[in-house]
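# Observations on the model geometry
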Amino acid sequence: QWGHDFRPSYLDIGELRTFHPGVPLLALTASATKEVAAEILDLLKIDEEGIVRDSFARENLHYHVIERADQLQYVERLLQKSTGSAIIYTRHRRKCVELSSWLSTKGFDASAYHGGMDLKVRDRIQEAWINGESKIIVATNAFGMGVDKSDVRLVIHYDLPAGIEEYYQEAGRAGRDGETAYCLIVVNNSATGKLETRTAQSFPSIEQIKRVYNALHVHLGLAVGSGLGETFEFDLEQFSSKYDLHLIEAYTAIEILAKDGWMTMDESSMKGSTVQFITDTGTLYGIQETDQGMDDLTKALLRGYEGLWTASVRINEGRVASHLKWDKKEVTRRLIRLQALGLIDYKTNKANNQITLLRERVPINNFTIDEQGYALRKARAYARMNSMIAYLDSEVACREVFIRQYFNEPDALPCGQCDRCLRDQDGKFEWLNTIYKTLEDRNGITVKEFLSEYKLEHQPTIKHELKQLAEENKIKIVEDKIYRNN
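Here's a quick rundown of the structure. It should be emphasised that the depicted structure is a prediction, and the values quoted were computed from it without experimental measurement.

Reading the values: the criteria
Residues numbered from 1 in each chain as written. Predicted model: local features only at pLDDT ≥ 70, side-chain atom pairs only at ≥ 80, totals over all residues. Heavy atoms only, no water. Helix = DSSP H or I, 4+ residues; strand = E, 2+ residues; numbered from the N terminus. Areas by Shrake-Rupley, 256 points an atom, 1.4 Å probe, with all protein chains shown as cover. Lys, Arg positive; Asp, Glu negative; His and termini not counted. Charge placed at Lys NZ, Arg CZ, Asp CG, Glu CD. Salt bridge = Lys/Arg side-chain N within 4 Å of Asp/Glu carboxyl O. Buried < 20%, exposed > 50% of the residue type's maximum accessible area, 1.4 Å probe, protein only. Contact = heavy atoms within 4.5 Å. Patch = residues over 30% accessible without salt bridge, like charges linked within 9 Å, V, L, I, M, F, W, Y side chains within 5 Å. Core = buried A, V, L, I, M, F, W, Y, C linked by side-chain atoms within 4.5 Å. Pairing = 2+ DSSP bridges. Axes fitted to C-alpha atoms, helices over the stretch in contact; angles between N-to-C directions. Parallel < 35°, antiparallel > 145°, perpendicular 65-115°, else oblique. Nonpolar A, V, L, I, M, F, W, Y, C, P; charged D, E, K, R; others polar.

In this section: the overall build of the protein. Counting its secondary structure elements, the protein contains 20 helices and 15 strands. With respect to the three principal axes, the spread of C-alpha positions in the protein is 85 × 65 × 40 Å. Carbon together with sulfur atoms contributes 49% to the accessible area of the protein, which is approximately 25,600 Å² in total. Positive and negative charge centroids in the protein, built from 62 and 72 side chains respectively, lie 3 Å apart.

The final tally for this structure, using the stated rule, is 19 salt bridges. With its nearest N and O atoms 2.9 Å apart, the salt bridge here joins D177 to R153. Pair noted here: D177 is in the loop between α6 (164-171) and β6 (181-187) and R153 is in strand β5 (residues 152-157), with a separation of 24 residues, a long-range link. Residue R153 is classed as buried on the basis of its relative accessible area, which comes to 14%. Connected through shared salt-bridge partners, D291, E330, R333 and R334 make up one network.

With that settled, consider helix α3 (residues 71-81). Listed as buried for α3 are Q71, Y74, V75, E76, L78 and L79. Residues of α3 that are buried sit in contact with β1 (61-67), β2 (85-89), α4 (93-105), β4 (136-139), β5 and β6.

So, about a negative patch on the surface. Where like charges cluster on the molecular surface, the negative patch consists of D118, D123, E127 and E133. Structurally, D118 can be placed in the loop between β3 (110-113) and α5 (119-130). Look at D118 and you get partly exposed, because its relative accessible area is 39%.

What follows is about the nonpolar core. Note on soluble globular proteins: their nonpolar side chains tend to be buried together. Ranked by internal contacts, the top residues of the largest apolar core, which has 81 residues, are Y63, I88 and Y391. Residues contacting I88, with those up to four places away along its chain left out, are V75, L79, L99, L103, I136, I137, V138, A139, I156 and Y158. Counting 29 residues, the second-largest nonpolar core is a separate cluster that includes L216, M263, M265 and L357.

Take the environment of P21 next. Mapped onto the elements of the fold, P21 is located in the loop between α1 (16-19) and α2 (34-44). Sequence separation of P21 and R173 is 152 residues, and the distance between their C-alpha atoms is 36 Å.

Attention now moves to unusual backbone geometry. Of note, the phi angle at K325 is positive, near 60 degrees, even though the residue is not glycine. Counting through the fold element by element, K325 comes out in the loop between α13 (317-324) and α14 (328-340). For N408, which is not glycine, the phi torsion reads 65 degrees and is therefore positive. As for its position among the elements, N408 is in the loop between α16 (399-406) and α17 (419-423).

We now examine the sheet that holds strand β13 (residues 445-446). As summarised here, the arrangement of the 3 strands in space is β13-β15-β14, forming an open sheet in which the pairing is antiparallel. Pairing within the sheet leaves two strands with one partner each, and these edge strands are β13 and β14 (475-478). With 2 bridges joining them, β13 and strand β15 (residues 481-484) adopt antiparallel strand pairing. Its bridge partner lying in β15, I445 is registered against I482.

Take the packing of helix α7 (residues 191-201) against helix α15 (residues 371-392) next. Interhelical geometry of α7 versus α15 gives an angle of 175 degrees and a closest axis separation of 10 Å. Taken together, α7 and α15 sit at an angle that is classed as roughly antiparallel. Contacts between α7 and α15 involve T192, L195, E196, T199 and A200 on the former and, on the latter, A381, Y382, M385, M388, I389 and L392. Split by residue class, the contact of α7 with α15 holds 8 nonpolar, 2 polar and 1 charged.

The analysis is restricted to geometry; functional conclusions fall outside its scope.
Have a look at this one:
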């Protein structure tokens, strides 16, 4: 939610106006709601008169929501029919790699892209896709900023985004050339439950945040009144295990503490290690037959991580060790041995997380965060979540109208091409009646005069419908005049 959840320091940008009052300031956003736009104006000290808005209408985009138990197979069929380039969005790095690997086994030219990859690798993958060397990119929301590829014919959401703002931005990467493109949400019936869980995990209770704050300082061996400006190496998994905390709970709480100005965390080790099998199954089987430990390890890897035969996959040595009931050092030692034997490509990340404390430790009874700001962020996140769930509803009359009304365009007309408009013919006829009424009153009207009856933002949709009606022989256009057929 702009500065609150992305870069809290952005909330102070308006202070620059005090020091440089004569310098022009321009704020740009692709998907701000009315409330967020008002907040940006206030924080950046911009007058209401300074707003320039364009419509959220994208008449060449076809929005569809499809619930399928056979997600993978359905996406495969969609890609077989698709021309041009495609983007598939997932919410998890592991799923991103797994899905791209699965598509590769089906003969598709697919690449994975997520924020945990080395920057040079990400750049190479993105450039290959932009240049047409790769057709499909499977990505987390780390992908897309600044990407302007014209021939994206298909954007598929395999998981639900956090809200309509995120969906509009990600889906809007389709059809930049103005040609027809499809924005499809293809999910199973557990999708809304997963979205609700993700949202809840992002906002632990204040008591949980306090618990993590206290445990963290105990873990670092800091007394009350100490720690200001100190930097420590930090193993998140070890910390979570030691204090019986769920990994996501601990990470989220530390992230909240960082946003509130208590600390910063360099997440270098979050990138993890990677493994790819580079041998053949026969050679691997020979090792498994002669070494029980290697047999256990390789089977644990292959069962715990998909795509190891086709791509470098991020693994967690601690998780593998826990599964095998081994020491983590033993897992690392054997992985190095498999690398030496030429069976795997194993790359380790030797960097450690680092935490820098920005305030001294306070007694737990004196610990506070900006609860009002936290409550506001939480309320907004849940509102975004609920908007996304509402968008999926089969009672929605038109997907595009839903999106545009969400962004405060109350006069949006049904698009006539989303899944709801195509199924709900009664609804379609309801607004087509306005066209028929104009023709009844003024049969033989010129196309120019006819279009002038409608707002400029609605004219592309009206043109599309006139063409469709002419093809269906319901109207005829002769010498630039429109006539209704009897």
